[in-house]
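Understanding the architecture of this molecule
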Amino acid sequence: MRNEQETPIESDLVPLGLIAVETGESVDRIAHRFGEAVMLDDVGMRAVSASVAREFFAERAAWQARQVEDARRRTEEAAKRDTVLVGAPA
């Protein structure tokens, strides 16, 4: 149940500690990454708005997908090279 005195901004904040746990990075590193978007929540913890956190995780997911695709492509290219070398006459 929502507290009547709670503002939408406070209820939409994501603590940096939660982001740090999810990413495996330190809170200080996350705070540095977000820069001026960092604010204190109602209990004094560093946090960012949910929209900033959503954007960060969307960009992170896209980066991870690119990394997986790049690794798949490198593996596929290496397999093709190996096939060509195996089939080449001595």
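Residues numbered from 1 in each chain as written. Predicted model: local features only at pLDDT ≥ 70, side-chain atom pairs only at ≥ 80, totals over all residues. Heavy atoms only, no water.

1. Here we look at the nonpolar core
- Counting 11 residues, the largest nonpolar core consists of Val14, Leu16, Ile19, Ala20, Ile30, Ala31, Phe34, Val48, Ala50, Ala53 and Phe56.
- At the level of elements, α2 (16-23), α3 (27-34) and α4 (50-87) are the ones that each hand at least two residues to this core.
- Once residues lying within four places of it in the same chain are set aside, the contact partners of isoleucine 30 are Leu16, Ile19, Ala20, Thr23 and Glu25. (Core = buried A, V, L, I, M, F, W, Y, C linked by side-chain atoms within 4.5 Å. Buried < 20%, exposed > 50% of the residue type's maximum accessible area, 1.4 Å probe, protein only. Helix = DSSP H or I, 4+ residues; strand = E, 2+ residues; numbered from the N terminus. Contact = heavy atoms within 4.5 Å.)

2. Topic: the sheet that holds strand β1 (residues 13-15)
- Here we have 3 strands laid out as an open sheet, ordered β1-β3-β2, and antiparallel in their pairing. Both outer strands of the open sheet, β1 and β2 (39-40), are each paired with one neighbouring strand and no more.
- As paired elements, β1 and strand β3 (residues 46-49) share 3 bridges and run antiparallel to each other. In the strand pairing of β3, leucine 13 is matched with serine 49.
- Contacts from α2 reach β1 and β3 within the one sheet, and its direction differs from that of β1 by about 55°. (Pairing = 2+ DSSP bridges. Axes fitted to C-alpha atoms, helices over the stretch in contact; angles between N-to-C directions.)

3. Quick look at α3
- Along α3, the positions that sit buried rather than exposed are Ile30, Ala31 and Phe34. Each buried residue of α3 sits inside an arc of 100° when the element is viewed along its axis, so together they form one side. Along α3, exposed side chains directed more than 90 degrees from the buried face belong to Asp28, Arg29 and His32. (Arc of directions from axis to C-beta.)

4. Focus: the environment of arginine 46
- Locating arginine 46 in the fold gives a position in strand β3.
- Residues arginine 46 and glycine 17, 29 residues apart in the sequence, show an inter-C-alpha distance of 7.9 Å.
- The contact partners of arginine 46, leaving out residues within four places of it in the chain, are Pro15, Leu16, Val27, Asp28, Ala31, Val38, Met39 and Leu40.
- Here aspartate 28 takes part through its side chain, which lies 3.1 Å from a polar atom of the side chain of arginine 46. (Polar contact = N/O pair within 3.5 Å; in protein donor to acceptor, adjacent residues only side chain to side chain.)

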